[in-house]
Every structure is written in C-alpha cells, then in structure tokens.
Amino acid sequence: MSENEATPVGKVAPEDRRIGVYICHCGGNISDYVDVEAVREALADEPGVVVSTTELFACSDGTQHDMIDAIKEKQLDGLVVASCSPKLHQVTFRNVAARAGMNPYTYSQVNVREQGSWAHQHDKAGATEKVIGLVRSSVAKTRLSDALEPLRFDTVPRALVVGAGIAGLRAAIGLAEIGLEAVVVEKAPEVGGWVGRHGETFPSNAAGRDQIASLNEQIKQRRDITVYTNAELTGKSGTFGNYSAEITLHRDGGDKTLTVDVGSIIVATGFDSYAPDDGEFGYGIEGVVTLPQFKELVDASEAGKLIYNGRPVRSVGYVYCVGSRQEAGGNEYCSKFCCTAAIHASVLVNKLDPSVRQFHLYRDVRAYGRNELLYNETRDAGSVFLKFADDAPPTVAKLPSGGLGLTITDLLTDSREVTIPVDLVVLVTGMVPRQNKSLVDLLKLPLGTDGFFNEIHPKLRPVETVVDGVMIAGCCQSPRTAGESVAAGLAAVAQSAALLKKGYAELEPLVARIDPEKCTGSGDCLTACPYDSITSIEWDGRQIASVDPATCKGCGGCIPVCGADAIDLLGYTDAQMRAAIEEMFEASVPVKEPVA
Amino acid sequence: MDYDVLVLGSGIGGMESSIKLADMGYQVLLVEKEASVGGRMILLSKVFPTLDCASCISGPKMSTTINHPNIKTLAYSEIDHISRNTHGGFQVTVREKAKFVDWAACTGCDVCQKECTVAVPDQFNAELAPRRAAYIAFPQAVPKKAILDRSGTSPCIAACPAGIKAHGYVSLTRTGKYEEAFQLNLDATPLVGTLGRACYAPCENGCTRSQVEGTLPIRMIKRFVADEHYATHEGPGVEVSPPTGKSVAVVGSGPAGLTAAWQLAREGHRVTIHEAQASPGGYARHGIPSFRLPKDVVEADIANLTAIGVEIICNSPVADLQTLKDSGYDAVVIATGAHREAALDVTGVNAAGVVSGLSYLKDSAAEVGPDLTGKRVVVVGGDVVAMNAARTSLRQGAASATVVAQAGKPGALPCNEIEYTEAAAEGVEFVFATSVAELRTAASGEVTAVRCVPFSAPSTSADASEDAEAGDTVQAAAAAPATASSTASELVADLVITCLGLDVDESLFVDLAGVGNKSRILANRRSLQTKAKWLFAAGDVASGLSTITRAVGSGRRAAHMVDRFLKGEPLDGFELDSKLSTTKHRDVLARHSSITHRDPITGQVRLNQQPRDFTEIEVGLTEEAARAGAGSCLDCGICSECQECAKQCPAFAIDMTQRDKVSEVEVGAVVVSTGHKLFAADLKPEYGFGKFPNVITAMQMDRLLAPTRPFNTVLRPGDGKVPDRIAYISCTGSRDKTVGNPLCSKFCCMYSIKQNQLIMGALPLADVTMHYMDMRAAGKRYEEFYTQARDMGAQYIKGRVAKITEEENGDLLVRYEDIENGGGIVEASYDLVVLAVGIQPNRDVENLFTDAPLGLDEYYYVAEPSAELSPGQTNIPGVFVAGTAAGAKDIVDTILHAGAAVAQVAAHLEHQHFAEQEALV
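Residues numbered from 1 in each chain as written. Chains lettered and ligands numbered in written order. Predicted model: local features only at pLDDT ≥ 70, side-chain atom pairs only at ≥ 80, totals over all residues.

> I keep staring at the overall build of chain A and nothing clicks. Help me out?
Looking only at helices and strands, chain A has 14 helices and 30 strands in total. Along the three orthogonal principal directions, the C-alpha set of chain A runs to about 95 × 70 × 40 Å. The buried share of chain A, taken over its 596 residues, is 50%. (Helix = DSSP H or I, 4+ residues; strand = E, 2+ residues; numbered from the N terminus. Buried ≥ 20, exposed ≤ 12 C-beta atoms within 10 Å, placed from the backbone.)

> Would you mind showing me how to read the overall build of chain B here?
Of regular secondary structure, chain B possesses 26 helices and 40 strands. Taking all 921 residues of chain B together, 56% fall into the buried category.

> How should the sheet that holds strand β10 (residues 242–251) of chain A be read in this particular structure?
Picture the strands of a sheet paired through backbone hydrogen bonds; they go either parallel or antiparallel. All names here are of chain A. On the basis of which strands lie adjacent, the open sheet formed by three strands has the order β9-β10-β11 and antiparallel pairing. Single-partner strands in this sheet number two, and they are β9 (231–239) and β11 (254–262). Direction aside, the axes of adjacent strands within the sheet are offset by 20° on average. One ladder, built from eight bridges, connects β9 with β10; its direction is antiparallel. Residue alanine 231 lies in a different strand from β10, and its bridge partner there is leucine 249. (Pairing = 2+ DSSP bridges. Axes fitted to C-alpha atoms, helices over the stretch in contact; angles between N-to-C directions.)

> Mind showing me how you'd approach the interface of chain A and chain B here?
Accessible area lost upon the coming together of the parts is a frequently used measure of interface size. In this complex, chain A contributes 63 residues to the contact, which on the side of chain B involves 66 residues. Sort the elements by how many residues they give to the side of chain A that touches chain B and helix α12 (residues 482–500) of chain A lands first, with twelve residues. Residue classes in the side of chain A that touches chain B are distributed as 30 nonpolar, 18 polar and 15 charged. (Contact = placed C-beta atoms within 7 Å. Nonpolar A, V, L, I, M, F, W, Y, C, P; charged D, E, K, R; others polar.)

> Teacher, can you tell me more about helix α12 (residues 295–307) of chain B here?
One full turn of an α-helix is made of 3.6 residues, so residues set three or four places apart face in the same direction. Residue and element names in this part refer to chain B. Helix length check: α12 (13 residues) gives 18 Å between terminal C-alpha atoms against 18 Å at 1.5 Å per residue, within 8%. Here α12 has its buried residues at Val297, Val298, Ala300, Asp301, Ile302, Asn304 and Leu305. Each element contacted by the buried residues of α12 is listed here: α7 (192–198), α9 (218–232), α10 (255–266), α11 (283–286) and β14 (311–313). Glycine 309 occupies a position one or two residues after α12 and carries a positive phi of about 95°. (Expected span 1.5 Å × (residues − 1).)

> Looking at this structure, I do not really get the nonpolar core. What am I missing?
Generally speaking, soluble globular proteins have nonpolar side chains that are buried together. With 310 residues, the main nonpolar core has A:Val135 and A:Val267 as its most contacted residues. In this structure, A:Val267 is in contact with A:Val162, A:Gly163, A:Leu443, A:Leu445, A:Phe453, A:Val470, A:Met471, A:Ile472 and A:Cys476, ignoring residues within four places of it in sequence. With 99 residues, the next largest nonpolar core counts B:Val225, B:Trp262, B:Leu324 and B:Ala538 among its residues. (Core = buried A, V, L, I, M, F, W, Y, C linked by C-beta atoms within 7 Å.)

> Even after reading the chapter, I still don't get the pairing of strand β29 (residues 542–547) of chain A, so can you show me in this structure?
Successive side chains on a regular strand alternate, one facing one side of the sheet and the next facing the other. Residues and elements named next belong to chain A. Sheet analysis places strand β28 (residues 534–539) next to β29, joined by six bridges and oriented antiparallel. The partner of glutamate 538 across the bridge, within β29, is glutamine 543. Count of turn residues in the β28/β29 antiparallel hairpin: two residues, of which aspartate 540 carries a positive phi of about 55°.

> I keep staring at the environment of A:Met584 and nothing clicks. Help me out?
Residues and elements named next belong to chain A. Structurally, the position occupied by methionine 584 is in helix α14 (residues 574–586). Along the backbone, methionine 584 and alanine 140 are 444 residues apart, and their C-alpha atoms lie at a distance of 9.1 Å. Excluding anything up to four places from it in sequence, methionine 584 contacts Gly133 and Ser137.

> Looking at this structure, I do not really get helix α8 (residues 291–300) of chain A. What am I missing?
Within α8(A), the full set of buried residues consists of A:Leu291, A:Phe294, A:Lys295 and A:Val298. Looking straight down α8(A), one finds that the buried residues subtend no more than 105° of arc, so they occupy a single side. (Arc of directions from axis to C-beta.)

> Hey, could you run me through the domain arrangement of chain A in this one?
Taken domain by domain, chain A consists of domain 1 (1–149), domain 2 (158–270 + 434–505), domain 3 (273–430) and domain 4 (511–569). Taking only C-alpha atoms into account, the centre of domain 1 of chain A sits 59 Å from that of domain 3 of chain A. (Domains from an automatic or database assignment.)

> Could you clarify how one ought to interpret the packing of α10(B) against α12(B) in this entry?
Two quantities define a packed helix pair, namely the angle between the helix axes and the distance between the axes. Residues and elements named next belong to chain B. At their nearest, the axes of α10 and α12 sit 9 Å apart, and the two run at 35° to each other. Of the two elements, α10 crosses α12, and the hand of that crossing is left-handed. Along the contact surface, α10 presents Leu258, Ala261, Trp262 and Ala265, while α12 presents Ile302, Asn304 and Leu305. Of the residues contributing to the contact of α10 with α12, the split by class is six nonpolar, one polar and no charged. (Left-handed = near helix turned anticlockwise from the far one by under 90°.)

> Sorry, what's going on with the environment of B:Ala425 here?
All names here are of chain B. You can see alanine 425 is positioned in helix α16 (residues 417–425). The partly exposed category is assigned to alanine 425, around which 15 C-beta atoms lie within 10 Å. Sequence-wise, alanine 425 and asparagine 608 are 183 residues apart; in three dimensions their C-alpha atoms are separated by 7.0 Å.

> Honestly, the sheet that holds strand β1 (residues 19–24) of chain A in this entry has me stumped. Any pointers?
All names here are of chain A. Strand order in the open sheet formed by four strands is β2-β1-β3-β4, and the pairing between neighbours is parallel. Pairing within the sheet leaves two strands with one partner each, and these edge strands are β2 (49–55) and β4 (107–111). On average, each strand axis in the sheet is inclined to that of its neighbour by 15°, with strand direction left out of account. Pairing of strand β3 (residues 78–83) with β4 involves five bridges; the strand directions are parallel. If you follow serine 83 over to β4, its bridge partner there is asparagine 111. Sheet strands in contact with helix α1 (residues 36–44) are β1, β2 and β3, and its direction is about 175° off that of β2. Packed onto the sheet, helix α3 (residues 86–99) meets β3 and β4 and runs at close to 150° relative to β4.

> Please clarify how the packing of helix α5 (residues 124–143) of chain A against α14(A) should be interpreted in this entry.
All names here are of chain A. At their nearest, the axes of α5 and α14 sit 8 Å apart, and the two run at 150° to each other. Of the possible angle classes, the one that applies to α5 and α14 is roughly antiparallel. Crossing hand, α5 versus α14: right-handed. On the side of α5, the interface is formed by Gly133, Arg136, Ser137, Ser138, Ala140, Lys141 and Arg143, while α14 contributes Gln576, Ala579, Ala580, Glu583 and Met584. Split into classes, the residues belonging to the contact of α5 with α14 amount to four nonpolar, four polar and four charged. (Parallel < 35°, antiparallel > 145°, perpendicular 65-115°, else oblique.)

> Hey, could you run me through the pairing of β10(A) in this one?
All names here are of chain A. Between β9 and β10, which follow one another and run antiparallel, lie two residues, and glycine 241 among them has a positive phi close to 90°. Where β10 and β11 come together, nine bridges link them in antiparallel fashion. Its bridge partner being in β11, isoleucine 247 is matched across the sheet by leucine 258. The antiparallel hairpin formed by β10 and β11 contains two residues in its connecting segment.

> Mind showing me how you'd approach unusual backbone geometry here?
Across the chain, the bulk of peptide bonds are trans and the bulk of non-glycine residues have phi less than zero. For the peptide bond that leads from A:Phe202 to A:Pro203, omega is 0°, which places it in the cis range. Considering the arrangement of structural elements, one finds A:Pro203 in the loop between β7 (181–185) and α7 (208–220). With an omega of -10°, the peptide bond running from B:Phe48 to B:Pro49 counts as cis. You can see B:Pro49 is positioned in the loop between β3 (46–47) and β4 (52–53). In this model, A:Ser415 sits at a positive phi of 55°, which is unusual for a non-glycine residue. Phi is positive for B:Asn315, close to 50°, though the residue is something other than glycine. Of note, B:Asn315 is situated in the loop between β14 and α13 (321–326). B:Asn315 gets classed as exposed once you count the C-beta atoms within 10 Å, which come to 10.

> How should the confidence of the model for chain A be read in this particular structure?
A low pLDDT score tells you not to read the predicted coordinates there in detail. Looking at chain A as a whole, the pLDDT averages 92, with 96% of positions reaching at least 70. Contacts of residues 1–9 of chain A to residues separated by more than four positions or lying in other chains number nine contacts, the stretch itself having pLDDT below 50. (pLDDT = per-residue confidence, 0-100.)

> Which parts of the structure should I look at to understand the confidence of the model for chain B?
In this model, chain B carries a mean pLDDT of 93, and residues with pLDDT of at least 70 account for 96%. Between residues 461–486 of chain B, whose pLDDT stays under 50, and residues either more than four places distant or in other chains, the model counts 66 contacts.

> I tried to follow the environment of B:Ala162 on my own but got confused; where do I start?
All names here are of chain B. The residue alanine 162 is located in the loop between α4 (155–159) and α5 (166–174) in this model. In this structure the C-alpha to C-alpha distance between alanine 162 and alanine 423, which are 261 residues apart in sequence, comes to 27 Å. With residues near it in sequence (within four places) discarded, alanine 162 still touches Ala188, Thr189, Leu195, Thr549, Val552, Gly553 and Arg556.

Written out as structure tokens, the structure reads:
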C-alpha cells in the first residue's frame, strides 16, 4: 500500500477497521467445491477482521439476524459476505448493514459461487485458493471503504406508457386510479392494437373491440390520462423518477414535439404476427390463410355462412406451430397463445356452422390451464386432432379436384400418411418481436436472443428491466394472451407505484467525484461520459468538471481519460481497487490437497 | 383502520403483494397459517427455466417481507372470519395459533427439536422424512422460531387422575430415555413403582391403540422405568427448591399424604409426616398384599421422600389438628384416608375367628401373617379388600377361601374385574347373590359356620355397580338380611373375614373443618382448603373411598394449593394441569395414513391354583418389550408432554399454557393469496402411490433434489437405492375427468422438465423418461428449456400410463401406450416413478367471508368475474385474489397476477380515501 493514500472517512486506520467476514455454503452450491472452513481460517487472522464465520445460507433470515447481532455487539464497521452474485444479494446485505446501524456502503459482496465453486467444480483446492484470494481482496477494499449516504430526490407522479394496445390502455387506467398521471404514446392512428380488431376472444368470449372501446371510454372520462396517437417517443433524458420524455407527434402539418416529465416508463409495444414465407405450408395458394386472417374471416361471418372468396367453407384444416418451435435458426420459441387461439376459432366456427368439418394438425396442444376446457369443447363438437412429428411437418397442396390437400403422417393413427381434402387451410401463426430499433436504442432496452425485450429476472422481477424506472409489459416481452398482457401491464403499474407513490426515491451514491484541486479542466471527461452527467463549472476562478450525482451511473468511464487523476469513483476508489488487486497477488497461498 | 390491507397467505404471491403495497406506503397485515412465510417456493430445488436456486431467490424475499417497516407479519395464524365494517372496509378476526413457545424468547437454536421424543411426517419435506413435534419449519424458516405441534391433550394424559404425563413417559421410553421417563413420573408422585403395579391404568382405557389391536402396556412401562431406576440409581435424583423456611405437617402416609409431602418438599418446604401406624405407606403397604405390590417397591418409593428430607414419624397418631398446627407448622395436610370398616351386624360377629378385612391384611403385611394351613376361610363382601383377603388366606395355607357376595354375578362385584378373575384363577370360590344372616359359633366361642340367605339387589344399585371403578361403590354385604328364606344354607368357616366397605373416620376433623357427605371432610373441591385456612385435605378423607391413583392426584393438588397458600398466592384463577381438549381417537386414526399392525404387549401374570407364596405374580417387561410396547404409541396429541424441550430450552421459551389468541382488526382491503393444494396422488390407485414406496410425487422429488434435501442424494424411499431408471408420469390428477378435474395444471410439464435436467446433473448415469400427453412448454424460454432437456438425453414418450405394478425387488413395471411408435401397449421397468401431480384448489377460503360469500368458480378456485381486464378482482369490492388461489399459475404468472391485484388494491384504497375526503367536505 502506498503512503500517499488517504485514511478513509471515519478516520480509522485500515488495519484498525472492524470487519465481519461471512462465507456462505449456499447449501452446498459453494461448499461442495470450496473448502469454506479453510477460507474462514485463512481470513480469521487478516488485519481488521474481527469476525470470520461460515453459514449454510448467509441470506437466510436467521443468519441475517446473527449478522445484525454481531455488527452491534462487535461494533463492526465493515462487512464482507462471500456468497453469490451481487446482482442477487448486494441489496439484501446492504439492508442487513443498515438495520444494524452500519453504513450499508461499507458492505462488499464477493461472488465466490459463480466465480469460485461453479467455475472450478473439478478443482476443489484451486477453487478454494482462488476464493481465499477473492475474499482477502474484498477485505482489502473494505478496509478503505467510506461511509456513503444515498442521494434522495423527489419523483414525478406521472408515468409514460408506450403503446396503446390492451396492456398499455389498461395500464394507463391503472396508473390514474392510483393517483399517478398517465401519458400514452401510440404510433398508430388508433388505439387498441391487435385486440381492438377482434371479435370474440377467449376465454370470456367478450369481443376484443368492445373491450378496447370500454377502456377507451374510461380513458376519455379521466383528466389524468393523456393519449397521443400517431406519436412516438423520440427522446429521453434524466433518471428514474425524473425522466424527461420527448414525444414526436406526426401531424398533417408536420411533426411536432413536446416534452413531458415522467417518473417511469412502461413499454407495451406489442408484437407482430408471423408472416409465412411464400410457399411455406402452401402460403400463397388461394385458401391458405394465417390465423389473424382467419380470425377476421370468422369475426365477419354470419351464422351458417362461413364464406371465403365467395364460396362456402365446408372444411377447415389447421396447421399448428407455423413460425414457432422451429429448428435452430428459426423462431425456436413457442408462441404460447396460438394453440388456444386456433381452438377458440374452431369453437366459433362450430357455432357459426356445426356442419363444417375441422382438422387440427398439431405437435403438442398447449391449451394450458383452463384453456383445456376449450380444447375439450372443440373435440366434443367434432374437431379432429392429428399429431405430426417435430421433424415431419404436414404439406399443403392444391388437389386436382380444386380443393386443398393436407398431407400428414398422423402419429395418433399408427403413423399412416393421410391426405385430408379441405376448403381452407389455416396456418396457426405465432408471434414475432416487433422491430423497433429506435426505441430499443433510446431506452437501452435489452433484447433476448429471441428478439423480445428482456426483463431483469424472468422469475421474480418480470416487468422490470435493467434500466431503472423502465418497465416492459405484454407481448413485447414474450408471446402471451391478452389477459396475461393486461396482468403484466397492471404489474408494471404496481411497480411504478412502488417507485413513485412515496414521492421520493433514493439513488446509489456510487458516483464519480472530482477533486477540484487536481482537475485541470481539460474537458476530456465531458466527452467520455455516456450519460451527459459531467458539466464544466467555474471554481476558484477556473473551469473545472462537475458531476451531477443524480444522472451519474457510476460507470467509471470518466476515470481513465482524466490525465490529472482527479476523478475517483465512490465505493470503488483507486486506493480501494489498488489495495484489492495487490491483496489478490499477495494472497496466493498454497492449499493442501484434500485428503480423499 | 388498523391496516390498509390484509394479505392472506405468504407464498410468493402473498409476499409479492405485501412488499409492493408496503413499498407504495400502505400498511400491510400479512397472515400466514404455517410457521414460516414463503409458501411452497422455498421448498423447491430450483426454478424453471432459469435454474435459479429457489432458496436463493425466495429467501431474500421472505426476509424483505418480515423486515419491511410497513408489513406486520403474523405467522402460524389464521383468519376466523371477515365481515364488512361500516366504513367501507373489513372487520377481520385473526387467530394467532398457540405455538407453546414464547417467540419473543425463542432464538431458533433448535435444541427443542433435538430433544423432542416424538416424530411425525415432515410436511416441509413432502413427508419423505420425519420431523419432531417440537420443530422449526425448516432451516431457512422466516421467522426462525420453534413450535410445539399439539393437536390436543393425549387421551392417556387426560385420563390420568394423578396428573401423570403417560404419553410423555411412553415416548421417553420409546427413545431409550428411561431415567427421564422415571423423572417425568416423579414430577407427579414419588410412588412410581407402586402405581406401576397397583394402578388400574385409566390411561390404557383411553389409549387409541385399544381401538386397533390393543392398548399399549402403559402401566407396565411405568413399572419398567421404576424398576430400572431403582436397580441402577441411588435416590430419586431430583432437584429440590431452596428452603422456604415454611413447615408443613402431613397427617397420614398413604398415597395422598406421601404425594403431598413429596410435592411440598420439592418446593423447598420442610415437611413432616405423622403416621399412626408402625410403618408408612397406608393402603399401599397395608391394604395391597405383597404378591401384588412387593413391600420393597413401596419402601423404595417412600425412600424418595426421605432422600429429599421429608421426615416420617411413625407410631405418631395425631389427636388434635390444632395442637399439631400450633406445634410449629405453617400448614397441615390431612390425608388420613378412608379406613373405617363397616361392621357385620349379625349374631356371632364377636366370635373368635371373625376379623375385619383391613386388619387381617395389615397383620398379614407385617410379616408372613397367621398360618391358616387347612383352615376354611369365608370372606364376606366382594370389594377389592375381600379379593385381597381371600387370595392372601390361600397363600397362608387356607384349605379354601370362599367369598360371599350380594352381587348377583362377577361383573356386579364392587371391585375391578381383574381382581375377580385373578382371585377365581387362584382358586377362590364365590357365592353370589347371597347375604350373611348369622355367624354360627362353637361353645368355645369360635366361629364355625356362616349361615347364608339369598339376596337380590335393587336393580338400580346393581346397574350402578356394573361400571363402577373398584372401590368407588362399596356395598355392605350384610345390609338388612333378606327375609328369612327356606333356601338358607351354611358354609363351614374357621376364619371369617368381613370386608363390608370403608369410610372416613371424621373424629379428627369434625370440630375444626366440619363433616360433609358420607363423613368426608368439608373442603373446597378445587382448592382442598378447609374452613381452617391452614388445613388442607388430600385423598380419600376429602373424596371418600377412591383409588390410590386418585389419592395421588388429590395429594398433588393439595400440595400445590398449600404451596400457593404459603406463598400468599390466590387459590383460584388458574389451572393445575393446563390441558387442551382431549384428542379424539378418530382424529388420531385419520391422521395416520396407515397403521402397521403390532401385536399388543401385555404383562405376564403367574396365576396358580392354591398359591402358597407371596412372590409377585406379575412379571415386569423386559427392556425390549417395554420399548416395543412404547413404540406402538400413535402419539395422539402429537406432543407427548415429555418436557424434554422445556428442560433443555436455553431461552426458557417453552410455554405449555399458551393458547390461541384471537383479536379483531380493521382493514381497508383484502388480498387472498392462499395458494393451492397438490393433487393427492393416492386418488389414482392404479399408480400405486402410498402402496409402492418407490412411487413418489414430484414435490417429493423436488425435496430430494433441493440443497436442503433430507438425504444427501436422490434415492428411492423403498430401499435407499440410488435410482438408475426414473419415469415421470405427467397429468397425474390433471386433464383427468375420472378424478373430477378436467383442467390442465400448467406447471407440471415444466417442473418435470426441470427435474429431468437436475436429475441428469445429480445422477449422470440415470435414464430419465417422461410419459406425457402434450408437452406444454408454453412460456418465455420454456420451449428452449424443453429442447435443452431433450438434448441432455431425457426421453419423452407420448401416451398415458395405464397401470403400475411393483416387482419383488421394489422396481416398478409401468404399462403405457407408446403413441408415436405405433400406439402399442408397452411395459417398462423403472427404479423410481415420479408422479407429476397437478394443482387442486385450496378450499380453506370458502367460508371466510361471513356477509357475502367469496365467489368461486365451478372448480372451487376464487372466481375473477372480469379476468381479462381486471385480473385479480373478485366478486366482493375491496377483496382481490393473487396467484394460484384463482387457478393454475407458475411462479412468474403468480408474480404478475399479484402485481395486477396490487395495482387494483391501491386503486381501491385511493378511491376509498378520496370518498372519505369527499364525505368530510
């Protein structure tokens, strides 16, 4: 450690700090591959380490209580937990520190699971050695930690909803009902999205257009919801709780822009329907239609008259999984809604004209949950289901007689190849992500390999994204039904309210700090900052750089470009990182091979 | 309004709802019926499709929930009912169930769990492994607190008039803790060996095993632990409280007096027993012959008292209680029993060779007693004293012993049935329905014969004696002789023993306390205190003639009251033995899914015709027999009250007196997130669950795979073998009209695929096959997850399974349809079969709402009248539903559904708030 480094805030010499080190078994996830007891021992005598212990689950409530007791009793001023990724538990243990009256920013998490046990499952000694190094390194960093305070700021009680499909509209109402103003931006001239074009939908059999109309009616009666159609989100600045959104209105007289301040943004931009290639399952032949086209046809039909191109339809064949569950390279995902949507359409057809014969060529009928009842209903009404193998899709061809022939090797009837003559072939097309590059770039939305927007955690945090205050809902995230989209929209409302309802929010203080004495005002950092958080100000008669802590993300991009070494990242100061790295090199201690 | 929102159930949906609402600033009351928040998710291994460790992502959520400043969590609590209140909200009756552990003191250290002697199936391990009756839900429980699982007071404990925890010493014996079992008896009485022989064991009548193949040998187990203790220990080994400086005199050293003295001495009082006889023990020593209760057993029991400093002064009849009190005692317990014998009121009663039963037995007890070789003995009366006298006379050499009883038949005798059968087996003869009219006397003044006349009892008294306990009713055999009858007969007699009933001699207390019914002392029934405040009565003197077990109970009660009296504490307003309602046999039998037959273990009694020696006739249980007998216990009340946890708890947190706490709260809105139940797999008998040990449910497999798993690997329960061939059967209880559930459960395909992958990771050599109907991998990244499982080598066979049979080695023969390969019926053998059980509604919510019932759909899930636009809304304004309470959902769907419900809860509360503001304006 070089001598010119400052004593950390609190004025305690690094070696006099009182640090607690907790090494987690993670129920075996770590301890199966890392000798946690050896880690504990190695850390116990480190300068400044007062507590060194192992725990079955450091994150369990019982251990949290033990930690709090230890922090209080032993007057700890630093905490290191060697467990999993900070993404999982940094907040957990910071809260532990806070509840114990310790500054949460003197807590450091060491990821010895992903970087230790999981990465080195075949080398227990090596993994243990590495973990000792990682934990010592973190202790070194913690010895130099400062007590930091979060930045508290007021939030705007208003949210922006991008997309006025059923999810977006319902979300807007949900926001308003909670007392948060809603601003809705819709690219199309009309609100309502896909659902607004539909007649009867499942499971309630309410007409989609009626549902949209009723939402729209509610919106019109509220002063706290503003809907812009023919409009796009074209600019965004600020940070969660205080975004400034630039909306461009496409008007006859030219584009107009306006700016609204919002606390959060709910993205509900929906999906596109899979468009089959020419010739894909006979697409292009007259009588071969996609599911949305067929739904339109059914919706427009009157009882007893399912007519296509002027001719009555006596038989329909459905080919499932068109554009979904494809081999690698295509759309590998399942579109979830289409099985039930096709089944529902067939139920409607049966109601229109029970004499229409219907054949469903499927792989797995994914009529999950209560949708199973519709599946039963259509079978009871005479729909015939034939299963084709994943690698042997059916073919569609024009028959010499003039109709269409669906040829399938049916696994349900002894794998015989049959050709079914039908009047109409419905390609049960799935969903594809809607291309929306400008929005993705603007909001820095992460995309999954399937092209849909990605949430922060697919299990427990399904509407949040890695961008604070930006949420996703509905089919822009993954294929789903209208009802599920609405639920997601409302969940995004709840998440917005959890952020905005209090009227203030707190930000991490882990931001860049300029040493005005050292800053030469070169301006290099201003151009390096991707968040436009650094401005030039006058200080002591000269121009120096200044960081806006509310918008600084703590990315550290400014630090290496500073020729004067005038910038430090709070929580990750140069001194801390240097000590951490030095310790890592010094920590290389040989670990005995475990006795078999 | 006490809280803005009540959230019912703390599974993932309930936690999500609570946290989000609390983050918005609302005050939330979260009520969870289990001991920990977290629901089912925390029990899972990993979650699909991310394969995140369930503990790792659920644990923090649990912690956040109970540590949130805006959430009040009540675990182990239930809602009795919910009704509308007058201001738009709800009135909620919350029941915090008795935990029998002071949670404020409990540190979750799990000592109680380790000490507990009762094992029950662990619901948190899908019943794969046992947990204890004292338990912490699971190691990651939040809050991490212990609970004693008590379904009621075990019937054996409830039946014991002495207040002995029979279930407790049985469960201690079962676990080999014989000394602890003895000590538990000592908590009630020093007379453990005595009761182990002479108690009529009302506990055994209460035993639920008696409804199956026969009662546990509870009394014999007590005898075993007593014999074990006396053979291996010096002294009782009990702790005595520091001296209080108070002195108590106990008058009489029968079971009541000894027990009272024991309890008082343990409390630190100085106790002196005044006994009129030459040796202590009262009826136990003088009334029960040594072939039934050896004197050394009584002496060993009495030595317990002297070991802790009780002074027993024999040959010390008390003439006046006030004088005794004034001689330096702070209180006096009168326990003089009921030993006044009724006299035979016929001619010749004063002849030589006519003795009363008790005096005969007492003389016999002193040494071997009189030599009756060749003598013909007639015993008048049919009570226990009569039986004991008749049997004793045989041992003293009597040529015959004949009991003359008014009772018309054996069952009508005023003694316990066993007394009669044993006496008869030893050769005692009986003359029923007979009264004694006269004792004939020789000129020398000695009795020569008994003249008998027929007797017919009034029907009522005969009925009463049918089911009377021994000694409860004693009829004088020589009440008014029946009218002279021509059928009079004579029995030749060399010795006539009259056993005509016992009652209380009131002469000692008549002035001081007063005399009640049947010459009993006048004392408060509960406190046993007499008019003279310092004088308490114990045993038969207070109750009239009873059993030694009741006398022990009475002595214990009297001592407790005297102790309170000496400490200046009130003698009412408390329960001596804090009991719950007695567990019912049928509930116990219903709780045990199957009860293995066990041959009842009974004591061996050596009964010889014309016995000639006084050796104990009953043979004690061997250690094996005692443990096997105890091992049959069905743990009726679950907790056995063995007290081990209470003794060992470092925080002194065990509190058996805790009871449910019911309170009323007002809330503005309600979120029902009560989750679901899993299909009971035994309802598909063709799959053999519950019958074939190697057929398990998927929840059990998740436990086997979890990091907190009960065993260290995936094994099959039947024999612990690590399985090589594992089959999954999808749609068990779902999409199945034969079990009344046509619905798809949605998550089973996915959790099966998850488990398939985890098994292939844990057991790289294992083959995993799933028999499915449709693979419903519908959801974000689910199809990819399915593909991944197939790429790893899992086999998926389309077609239903018709039947599973078990092979001799425990393997399972699965008969299924292989649709994709010709549709034939195929049989395959597997090591382990996992049933992918589906979801069932949790119908606990049905009757919660007392005004307007909560709307349910036709499958008993909470109905959502406008599921598409307002998911989570129910038929009751202000009541919302989150998660699987409304139907099948996986975790992410539950999170979203909870989010939707929460958004509408907030809307409802805002609207309500707005309406209130309007009303104020």
